[in-house]
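Survey of secondary and tertiary structure
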Amino acid sequence: MQALHSTIASPVWSYFSTICSIPHPSKHDRKLADWIIHWAKEKNISCVQDEIGNLILKKAASHGYENNTAIILQAHLDMVPQKNNNIDHNFLTDAIKPIIEGEWLRADNTTLGADNGIGMAACLAVLADNTLQHGPLEVLLTTDEETGMTGAFGLKANALQGKILLNTDSEQEGELFVGCAGGVNVTVTLPYEIMEREPDNSAFEICLDGLKGGHSGCDINLGRANAIKTLVSVLNNLEGIPFHLAYFEGGSLRNAIPREASCVIICDPQYQNSIEIIINTLQKNLCSQFKASEPNLALSVKSCALPGFILTHKSQANLLTSLTQCNNGVFSMDNNFSDVVQTSSNLGVVSQNRNNRGVFDIQVLVRSQVEQEKQAEAQKIAQQFEQHDATVSLTGNYPGWTPNPHSEIYKTVEKQYVKLFDKQPKAMVIHAGLECGLFSAEYPQWDMISFGPTIKFPHSPDEKVQINSVDKFWQLLVATLKAID
Ligand SMILES: [Zn+2]
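Since this is a predicted model, take the numbers as computed values, not measurements. (Residues numbered from 1 in each chain as written. Predicted model: local features only at pLDDT ≥ 70, side-chain atom pairs only at ≥ 80, totals over all residues. Heavy atoms only, no water.)

**What to know about the coordination of the zinc ion**
- Within the first shell, the zinc ion binds the protein through His76 (NE2), Asp115 (OD), Asp169 (OD) and Asp169 (OD), at distances of 2.0 to 2.7 Å.
- Around the zinc ion, the 4 donor atoms are arranged such that angles at the metal cover 50 to 138°; this shape is classified as irregular.
- All donors of the zinc ion come from a single chain, and their spacing in sequence reads H-x38-D-x53-D. Of this pair, His76 sits in strand S3 (residues 71–76) while Asp115 sits in helix H3 (residues 114–128); the two residues are 39 residues apart in sequence, bridging distant segments of the chain. No difference in accessibility class separates His76 from Asp115, as the two residues are buried. (Donors = N, O, S within 2.8 Å, 3.2 Å for Na, K, Ca; no water. Tetrahedral: all angles 85-135°; square planar, octahedral: opposite > 155°, others 65-115°. Helix = DSSP H or I, 4+ residues; strand = E, 2+ residues; numbered from the N terminus. Buried < 20%, exposed > 50% of the residue type's maximum accessible area, 1.4 Å probe, protein only.)

**Some words on the layout of surface pockets**
- One number sums up the size of the largest pocket: a volume of about 1500 Å³.
- His215, Cys218, Ile430, Ala432 and Gly433 are, among the 48 residues lining the largest pocket, the residues nearest its centre.
- Listed by contribution, the elements that provide at least two residues to the lining of the largest pocket are strand S8 (175–180), strand S18 (359–368), strand S19 (391–398), strand S20 (426–430) and strand S22 (455–456).
- Here the lining of the largest pocket spans two domains, and each of domain 1 (2–181 + 401–483) and domain 2 (183–398) adds at least three residues to it.
- Quantified by volume, the second largest pocket comes out at close to 200 Å³.
- Considering the residues around the second largest pocket, the lining is formed by 13 residues, among which Arg224, Ala225, Asn226, Asn328 and Gly329 are closest to the centre. (1 Å grid on protein atoms, 1.4 Å probe; cavity = no way out; pocket = protein on both sides within 12 Å on 5 of 7 lines; lining within 4 Å. Points joined across faces, edges and corners; volume = space filled by probe spheres on them. Domains from an automatic or database assignment.)

**Comments concerning empty space enclosed by the protein**
- A complete count under the given rule lists 3 cavities of 30 Å³ or more for this structure.
- By volume, the largest cavity amounts to about 60 Å³.
- Lining the largest cavity are Gln172, Glu173, Gly174, Glu175, Leu176, Tyr417, Phe421, Phe451, Gly452, Lys472, Phe473 and Leu476.
- Within the residue set of the lining of the largest cavity, elements represented by two or more residues are S8, helix H9 (408–421) and helix H11 (467–483).
- Ranked by residues supplied to the lining of the largest cavity, first place goes to H11 with 3 residues.
- Considered class by class, the residues forming the lining of the largest cavity number 6 nonpolar, 3 polar and 3 charged. (Nonpolar A, V, L, I, M, F, W, Y, C, P; charged D, E, K, R; others polar.)

**Points about the side chain of Gln74**
- Topologically, Gln74 is positioned in strand S3.
- Within the structure, Gln74 has its side chain in polar contact with the side chain of Thr142 (distance 3.4 Å).
- Among the polar contacts listed, one links the side chain of Gln74 to the side chain of Asn167, at a separation of 2.7 Å.
- Those residues in contact with Gln74 that lie beyond four places of it in its chain are Cys123, Leu140, Thr142, Leu165, Leu166, Asn167, Thr168, Glu435 and Phe439. (Polar contact = N/O pair within 3.5 Å; in protein donor to acceptor, adjacent residues only side chain to side chain. Contact = heavy atoms within 4.5 Å.)

**Some remarks on the UniProt feature "domain: Peptidase M20 dimerisation" (unreviewed entry) in the chain**
- Here the UniProt-annotated "domain: Peptidase M20 dimerisation" (unreviewed entry) positions come out as residues 210–286.
- The span residues 210–286 shows a helical share of 32% and a strand share of 18%, and its end C-alpha atoms are spaced 12 Å apart. (UniProt positions renumbered as here; feature names shortened; annotations may be inferred.)

**Observations regarding the nonpolar core**
- In terms of nonpolar packing, the biggest core is built from 65 residues, with Trp13, Leu57, Leu141 and Leu477 touching the most fellow members.
- Ranked by the residues each element gives to this core, the list is headed by H3, at 10 residues.
- Counting residues in hydrophobic clusters, the runner-up holds 56 residues, among them Leu190, Leu245, Ile265 and Leu320. (Core = buried A, V, L, I, M, F, W, Y, C linked by side-chain atoms within 4.5 Å.)

Put into structure tokens, the structure is as follows:
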């Protein structure tokens, strides 16, 4: 990384190099926090750690900026530990090895931790540099962002005095984030009753797979097929075939669009041919319906072993009707930002508890930038299931960050961006969670913005950061700190 010390962002690279040398995976960011506490002490920078593990560092305003608006600069302490199978790497003890590759910096078969290590390095570089100009400054380094935003959830009201928050945890240079979605989990327990099947029936397994899936927020508007919804529609299309459902399962994560679903049905053997013909036709119809978004969609049917039981008529109708009615996908679009989803839901998982017979567990995630709309949508989905004898709980609610069209900090950063780079930045809203959403609960008065360098493939061993985007990020940060009055 020596080569990077002659770049504009040299102070950032210097701290990033240190950060790479100290292990800090999620749930184990203590070592890095301890190093920062020690570093701050040596530099005479005030640093406190709250009960949950967040660090708050303070630096007085530079000369002449004492009466300016107080600023909070923020990053998260932890990184996602992911590695390729071909190497030995212990994230608890081993340093990350950064490698320059053309215009990018990556790691040696592990995540790099540029998410959010570059932002954190910039925070330290600002604290250490007494030639920069800025108002009263606080640096907030949150713990455990990547596995539950524990630090942001636990941040106490009144812990910080700043009025403007600059979050450094976004991943596309040239984009300024001004809002994000909140979320709420809709968890459904749908009991079912079973009955004995006819002894001379045949069983068929119907599978839908080959779908792309993806992030249930960022990818929800890409027109991808939801495996669960699509398989339900297939069953609804088996008109004229008197079938009984035994099993139905699909998806594996609430926050991922389900890629696969399967079910087992039984019916009189005389219908085998009709079923095969219908499934074949439906496969063709689905392939043409999802031609652009799901080129590998595969619907198949095959004979299988007879299941031990079948659902009663009532239970089968409860499951299929409630899954048919369950709202899924984009619910509304943001009026102020083009192509930004405002409210969505993802029917992510249906699992069947076959051991302790009698329950389908269904998981839905509702996201929105608008709290009331999120609650209304979650309630609606809950009622749809409750009408069919299910018990529903809404949990894990976290607030979104509603975009503020009158944001002063946006205008300030935009102006600096144009001045520095002679082009317009893009105002963006992300349909996923950022810590800013959680901050807005305890600190509704904060004027917030998020910007960062370009990072590709975060959370994977392919993670890499574009070197010259770090220069631009650093220039924009320094100019913004100076411009906030
Ligand atoms: Zn991050």
